[in-house]
Amino acid sequence: MLERSGEIGWKRETTQEKLDPSDYLDEIYRYAYARLGSREEAEDVSMEVIQTLCRFRSEISTKEAPSLYLIGVTRRKIADYLRRRTRQRGPKTISLDESHLKSLTVVPDMDGSPLIEALNLIPELQRDVIVLKYLSGFSTEEIAKLIGKSPQAANSLLQRSRESLIKAAPDLLAKGEIQGTKR
Amino acid sequence: MNEDQNLQNLFEQYKSEVQAPTELRQSVNEFLESRRPRRPVLRWALLGGSIGLAGVIGGTILLTSSASAAGKYHRVEAAIQDAKAMEIHSYAEVKGKPKQLFAHVVYLNGDIRTDAFMGTRLASTFIRKGADQWLYMEHIDVAVQEPIIVNPRLDKPQSALDYAKADSDEGQINGPRDFQVEDRPDENGRAVYAIIGSRKDTPYHMEMIVDKATNLPIRTTFSGEAPTSANYRLIEQEYTFGSAVDPKLFDPQLKPSTKLLHLGVEAEAVKRAWSKPVQVVRSQGETCEVRDIWVSKDGNVFVATTVPEKVNNKVGIPSNLLPDELKDNLGRTYLLVMSVRPGGFFGDTNADKAFRLNSKSVVICEYAPLIPVQPWSPAATFDVNFVSRSWIGAPIYREPSISTNVTLDAPIPADGKFPPYSDGMLLDDIHQQFGMVADEMRAHVAEKAKQYSLAATWYRAAAEEAKPLSSYRTYERNADRCGKLANRP
């Protein structure tokens, strides 16, 4: 039968139900900035993610691992954004498919963070897994789910990504400390 | 220290240094406020608009200051308990914007009326008189009569204090607070004192000015944020006790045009109309029952379905077999604007509060034509691709291995913008966004096809639709960006 559950609108919210997209704004923004290398673009993507999340807010609250879910949404938004950005640069720029193989070295407004600069020297997919691992703190299994690969493939990609980053920015990795960033 | 540890350190440092900029946070907060305007109305306003009052009188007060504060508190409590009539005007003051009245509450001998003004499109009036409850939604000229608010604390006539205390743990006033009492200069010839509330380790600050002679509050101001915060919003509530309240205020004065709904009757009508599925669609062990198809004269298509309770797919996102891509027999494409699970209060899609039919979830899949040509010529059939996908909002995941194509008969387009069951399912709030999202999706499609001029037009249309809902200017920016691309040689 068609029914309304007993308590409508006034049910005392549990801690889990109280999760709010804005609680994750920093996490979304940091991830987007690390991926895109541009604060302005990260802002745009973060706002789009929040708008999207609002359309199905209840899903966030029912998830055991909201971060995984939110970063999944953010990744899709970034993919859309990169597609648009690639298109804007005309037909001779690389396609999104190629971006798995090559780095999108088109970051218009880098603001001097050495870590972000280093990340932008490695291919897009490698940057993605590094950020998922070290910024978002996901396990290899979770990363595998997000990027649609087996855990073994994800682990191997992670290894290669680390090597690429070390090769791209040996000094930074040797120090393990960012000096002179603007934030 | 190895490179792995160094990487870890680098990102930890990055995390501590990089935060969402204030402007973005402000935009998000404004957006969220505009997207959930109805619940705050009811939280703030229906409950006597007396959150500040409840701030002093709520059940979890920790009086760690003087015995004097405790005594004052009890005196205020007793005074409100005896009040037969209470009026509260609630104002909000956001940084850089003028103080705005957002709710007016009238209480008289157990009955309560709240007029909420949270934006012209979402103004509403709530009346509770005895056992009857009414909600009038001005923006759609619909009145709902039903015990729609099932709240054990409000299901029988209560005192002004009960209203004041109800839901005092909501929002920013959560957890124990400390209170101090301070003397204050007379106000308009009245001797007053102030009860100052604070909460440890938070910027919460509340000041209640109380009449010394009656121990009734005069006004309360409070905020959960520090004045320096971008999210700072000061709430001010002015109380009037014992004023002459017209009992007629508690009788709904409905216009002849107002559509009157009784949710129980509406639910029964939907149950009857949807008793037999129009079609049962199956794929790879998943099932979707199509219960209703409704088409507007503008060509918007609404496919109502019932599906088993949500199932987590392999990436951990709840999904069900649901309508996805839709075309008609004339070859026209429709965009999936949103999937809605009706239920709860004001379009709240919380699963616990949702409508169900035969214990199954109701999901309405809402489409708009990609090219909204007018006049719209009706279609004879719809070709629908059903796919297992994330089941609410905009699909963020699809499982193409679980999909099937189905042809459904198209009904004759009907009058109205939304299906007749929409009001009874309280989808008005969600449907406020339909036009905006449809235009945004048209813009995305045009941009993808490099039709930048068209994309700019649709982004601007979305921006117009968004104006009453959000102050965020992403649509304008997208429109400008596409406009520049369109003018590129």
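What counts and what doesn't
Residues numbered from 1 in each chain as written. Chains lettered and ligands numbered in written order. Predicted model: local features only at pLDDT ≥ 70, side-chain atom pairs only at ≥ 80, totals over all residues. Heavy atoms only, no water. Helix = DSSP H or I, 4+ residues; strand = E, 2+ residues; numbered from the N terminus. Buried < 20%, exposed > 50% of the residue type's maximum accessible area, 1.4 Å probe, protein only. Contact = heavy atoms within 4.5 Å. Areas by Shrake-Rupley, 256 points an atom, 1.4 Å probe, with all protein chains shown as cover. Phe/Tyr/Trp six-rings, centres within 6.5 Å; stacked < 30°, edge-to-face > 60°. Core = buried A, V, L, I, M, F, W, Y, C linked by side-chain atoms within 4.5 Å. Salt bridge = Lys/Arg side-chain N within 4 Å of Asp/Glu carboxyl O.

For the rest of this paragraph, the subject is the overall build of chain B. The helix and strand tally for chain B stands at twelve helices and 22 strands. Out of the 489 residues belonging to chain B, those deemed buried represent 56%. Excluding contacts between residues fewer than 6 apart, the proportion of contacts in chain B whose partners are at least 24 apart in sequence is 61%. Of the roughly 20,500 Å² of accessible surface on chain B, 51% is carried by carbon and sulfur atoms.

We now examine the overall build of chain A. Assigned secondary structure in chain A consists of nine helices and zero strands. Across chain A, helices and strands are ordered from the amino to the carboxyl terminus as α-α-α-α-α-α-α-α-α. Per-residue burial for chain A yields a buried fraction of 60% across its 183 residues. The long-range share in chain A, meaning contacts at least 24 apart out of those at least 6 apart in sequence, stands at 61%. When the accessible area of chain A is evaluated, it comes to approximately 7,600 Å², of which 48% is carbon and sulfur surface.

Residues and elements named next belong to chain B. Under the criterion given, the structure shown has twelve aromatic pairs over all chains. Judged by centre distance (5.1 Å) and plane angle (80°), the ring pair of W274 and Y421 falls under edge-to-face. Here W274 is found in the loop between α7 (263–273) and β13 (279–283), whereas its partner Y421 is found in helix α8 (residues 421–424), with 147 residues between them in sequence. Each ring, one from W294 and one from F302, has its centre 5.7 Å from the other, and the planes form 65°; the classification is edge-to-face.

Below, the discussion takes up the nonpolar core. Core analysis: the largest hydrophobic core is formed by 57 residues, its most contacted members being L119(A), I130(A), L132(A), L165(A), F11(B) and Y14(B). Each residue touching L132(A), except ones within four places of it in the same chain, is listed here: Y31(A), I71(A), R75(A), G137(A), F138(A), I143(A), L146(A) and I147(A). A304(B), V340(B), A463(B) and A479(B) belong to the second largest nonpolar core, which has 35 residues in total.

This brings us to the pattern of salt bridges. Residue and element names in this part refer to chain B. Taken as a whole and assessed by the stated rule, the structure comprises 23 salt bridges over all chains. Ionic pairing is found between R113 and D115, a salt bridge with its closest N-O pair at 2.8 Å. For D439, the salt bridge is made with R442, and the minimal N-O distance between the two is 2.9 Å. Of this pair, D439 and R442 both sit in helix α10 (residues 434–448), three residues apart, which is roughly one turn of that helix. In this pair, the class of D439 matches that of R442, namely buried.

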